[in-house]
Amino acid sequence: MSRTGQSVKPLDGVRVLDLSRMVAGGVAGMLLADFGADVVKVEQPGTGDPLRQWTAEGLPLWWKVYARNKRFVTLNLKAEEGRALLLDHLSQFDVLMESFVPGTLERMGLGPDVLLGRHPKLVMLRISGWGQTGPGSARPGFGTLIEAASGFAAMNGEPDGAPIVPSFPLADTSAALFAANAIMFALYHRDVHGAGGQVIDLALFESLFSLLGPLPAEYAALGKVRSRNGSRSKNAGPRGCYRTSDDRWVAVSGSTPKMAERFLRAYELGHLLDDPKFATNEARVINGLELDAAVCAAIGSRTLEENLRIIEYHQLTAGGVYTVADIEEDPHWRARQLTLDIPDDGGTVRMHNVFPRFSETPGEVRWPGGALGQDNEAVYRELGLSCDEQKRLAAAGVI
């Protein structure tokens, strides 16, 4: 049984020492902790992870969500005694995660050669903006810069408008998904194949670049560079978001010829299919602006409810554009318990449920992100430090 008395989680027994900061490491650690890993979040005494400062009306909601299910300790890695403490107890962990600027750990005397020399079975995840090697590896690597440099921003926005970067940390969260996968690949290799640990070099840039479709294939084969095209697709049409007569929005995706043709006929635009400009998928893409105008007029002449009735009756691949308020009211997502209210300091904090959903060994949200160093006493006691030793280290600014 697990600590909560529930059935064993998939990652019970896996211990993770998380030295990372901000979103990519935070989300990766959350994914592991959701499924039972003991993720010990290490922060600098007094300051902590800057993600704690992402507040809304004083509430650190990003921290509450992405630091959930973890334990929180402070450790001053700038102090020699702090670094020695990490090395002395490293063998009790399966995974170490870090997101320092490349070369920082090496300058501290905590590079991969030292860490794996001390603990050959360690899986070491290294998150950075641009990768651990190469002439640009030491550049600042915040997600916005990666989203701009990766090609993502250049192909998002209106043709005559500015490139658009997303309003949420897309590069970081994409990297987090790769990070969790990579850690599991490395642990599987270690434990099933009887191998040692290894270093995972995870760049935010490469994580996002790999998700942007066949950009390099298009450039090499056709000499084409993706340009901004609004919400229209380079692959199929119609596609985009269209305003209704009551100032709401409907999203349309004609990603297959069958669904595009069904949509046009449902909106009494079937005659367009007799026009060579719209008769095939490629023709509809080439003439996307003209197709958009027809779809915009058809949707714009109806209210949201009128559009939704057409969509439901004809089973079209279209739907309303939701806000989180709409999502919370949707009976489908209520039935699936998309969100949970987790107890927190006498109140609750709402957050997304554990995902993916496992039939036999589901994950669980046990607690939200906690206070700086709140688990020092328990964790350091487990590692073998007496109360007196902990008091001495705290007084010296080491923990």
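Our subject is the structure that appears above.
Criteria and thresholds
Residues numbered from 1 in each chain as written. Predicted model: local features only at pLDDT ≥ 70, side-chain atom pairs only at ≥ 80, totals over all residues. Heavy atoms only, no water. Buried < 20%, exposed > 50% of the residue type's maximum accessible area, 1.4 Å probe, protein only. Helix = DSSP H or I, 4+ residues; strand = E, 2+ residues; numbered from the N terminus. Contact = heavy atoms within 4.5 Å. Pairing = 2+ DSSP bridges. Axes fitted to C-alpha atoms, helices over the stretch in contact; angles between N-to-C directions. Core = buried A, V, L, I, M, F, W, Y, C linked by side-chain atoms within 4.5 Å. Disulfide = S-S within 2.5 Å. Salt bridge = Lys/Arg side-chain N within 4 Å of Asp/Glu carboxyl O. Patch = residues over 30% accessible without salt bridge, like charges linked within 9 Å, V, L, I, M, F, W, Y side chains within 5 Å. Areas by Shrake-Rupley, 256 points an atom, 1.4 Å probe, with all protein chains shown as cover. 1 Å grid on protein atoms, 1.4 Å probe; cavity = no way out; pocket = protein on both sides within 12 Å on 5 of 7 lines; lining within 4 Å. Points joined across faces, edges and corners; volume = space filled by probe spheres on them. Nonpolar A, V, L, I, M, F, W, Y, C, P; charged D, E, K, R; others polar. Right-handed = clockwise from strand over helix to strand, strands pointing away. Parallel < 35°, antiparallel > 145°, perpendicular 65-115°, else oblique. Left-handed = near helix turned anticlockwise from the far one by under 90°.

Right, let's get into helix H3 (residues 80-89). Among the residues of H3, Gly 82, Leu 85, Leu 86, Leu 87 and His 89 are the ones counted as buried. Where H3 is buried, its residues meet strand E1 (15-18), helix H5 (112-118), helix H16 (376-382) and helix H17 (387-395).

Looking now at the sheet that holds strand E8 (residues 249-253). Taken in spatial order, the three strands of this open sheet run E7-E8-E9, and their pairing is antiparallel. Both outer strands of the open sheet, strand E7 (239-243) and strand E9 (318-320), are each paired with one neighbouring strand and no more. Put simply, the sheet's adjacent strands are angled 20° from each other on average, direction ignored. With three bridges connecting them, E8 and E9 associate as antiparallel partners. Of the residues in E9, the one forming a bridge with Ala 251 is Gly 319. Its contacts with the sheet put helix H12 (residues 288-300) on E7 and E8, and the angle it makes with E7 is roughly 40°. Lying on the sheet, helix H13 (residues 304-314) is in contact with E8 and E9; it crosses E9 at an angle near 150°.

In this section: the nonpolar core. Core analysis: the biggest nonpolar cluster contains 51 residues, and Val 16, Leu 32, Met 97, Leu 125 and Ile 183 have the highest contact counts within it. Among the elements that line this core, the one with the most residues is helix H7 (residues 170-192), at 10 residues. When neighbours within four sequence positions are excluded, Met 97 is seen to be in contact with Val 16, Leu 17, Asp 18, Leu 19, Ser 20, Gly 25, Ala 28, Gly 29, Leu 32, Leu 125 and Ile 183.

Applying the stated rule across the entire model yields zero disulfides. Cysteine Cys 241 shares no disulfide, and the gap to the nearest cysteine sulfur, in Cys 296, comes to 11 Å. Accessibility expressed as a relative area gives 40% for Cys 296, which makes it partly exposed.

The next thing to look at is the sheet that holds strand E6 (residues 198-203). Pairing is parallel in the open sheet, where six strands are placed in the order E3-E2-E1-E4-E5-E6. Lying at the two open borders of the sheet, with one neighbouring strand each, are strand E3 (71-74) and E6. Averaged over all adjacent pairs, the angle separating strand axes in this sheet is 20°, with direction ignored. The pairing of strand E4 (residues 95-98) with strand E5 (residues 123-128) spans four bridges and is parallel. In the strand pairing of E5, Leu 96 is matched with Met 124. H7 contacts E4, E5 and E6 of the sheet and is inclined by roughly 165° relative to E6.

It is worth spelling out the pattern of salt bridges at this point. In this structure the tally under the stated criterion is 25 salt bridges. Here Glu 81 and Arg 392 are joined by a salt bridge, their closest N and O atoms 2.3 Å apart. A residue pair is termed long-range when its members are at least 10 positions apart, and Glu 81 in helix H3 and Arg 392 in helix H17 qualify at 311 residues. What makes Glu 81 partly exposed here is its relative accessible area of 33%. Two residues, Asp 247 and Arg 243, come together in a salt bridge whose shortest N-O distance is 3.5 Å. Judged by relative accessible area, Asp 247 falls into the exposed class, the value being 53%.

What follows is about a nonpolar patch on the surface. A cluster of nonpolar side chains, contributed by Trp 54, Trp 62 and Phe 168, occupies part of the molecular surface with about 280 Å² of accessible area. With respect to the helices and strands, Trp 62 occurs in helix H2 (residues 61-66).

Looking at the element boundaries, Arg 126 is found in strand E5. On the basis of relative accessibility, which here comes to 4%, the residue Arg 126 falls in the buried class. A C-alpha to C-alpha distance of 8.2 Å links Arg 126 and Ala 203, two positions 77 residues apart in sequence. Setting aside residues up to four positions removed in sequence, Arg 126 forms contacts with Glu 98, Leu 105, Glu 106, Pro 112, Gln 132, Val 199, Ile 200, Asp 201 and Leu 202.

Of note, Ala 186 is situated in helix H7. The spacing of Ala 186 and Leu 125 is 61 residues in sequence and 9.8 Å in space, taken between C-alpha atoms. Ignoring anything within four residues of it in the chain, the contact list for Ala 186 reads Val 123, Gln 198 and Ile 200.

What follows covers empty space enclosed by the protein. Which parts of space are left empty comes out when a probe the size of a water molecule is rolled across the atoms. The full count for this structure, using the stated rule, is two cavities of 30 Å³ or more. Contributing to the lining of the largest cavity are 14 residues, with Leu 17, Leu 75, Leu 86, Tyr 380 and Leu 383 lying nearest its centre. Those elements that place two or more of their residues in the lining of the largest cavity are strand E2 (38-43), H3 and H16. Across the lining of the largest cavity, the residue classes break down as 13 nonpolar, one polar and no charged. Contributing to the lining of the second largest cavity are Met 22, Gly 26, Lys 41, Asp 49, Leu 51, Trp 63, Tyr 66, Ala 67 and Lys 70. Looking at the lining of the second largest cavity, the elements with two or more residues in it are helix H1 (22-34) and H2. Here the lining of the second largest cavity is built from residues that sort into five nonpolar, one polar and three charged.

So, about the pairing of E3. Side chains Arg 71 and Val 73 of E3 all project onto a buried face; the interleaved residues Phe 72 and Thr 74 project onto the opposite face, where all are buried too. Looking at chain direction, E2 and E3 are connected through four bridges and run parallel. Across the sheet, Val 40 pairs through a bridge with Arg 71, a residue of E3. Each parallel crossover has a hand, and for E2 linked through H2 to E3 it is right-handed.

The geometry of H1 relative to H7 is characterised by a closest axis approach of 8 Å and an angle of 45° between their N-to-C directions. It follows that H1 is oblique to H7 by the angle criterion. In this structure, the crossing between H1 and H7 has a hand that is right-handed. Between H1, through Val 23, Ala 24, Val 27, Ala 28, Leu 31 and Leu 32, and H7, the contact on the second element is made entirely by Asp 172, Thr 173, Ala 175, Ala 176, Leu 177, Ala 179, Ala 180, Ile 183 and Met 184. Of the residues assigned to the contact of H1 with H7, the class counts are 13 nonpolar, one polar and one charged.

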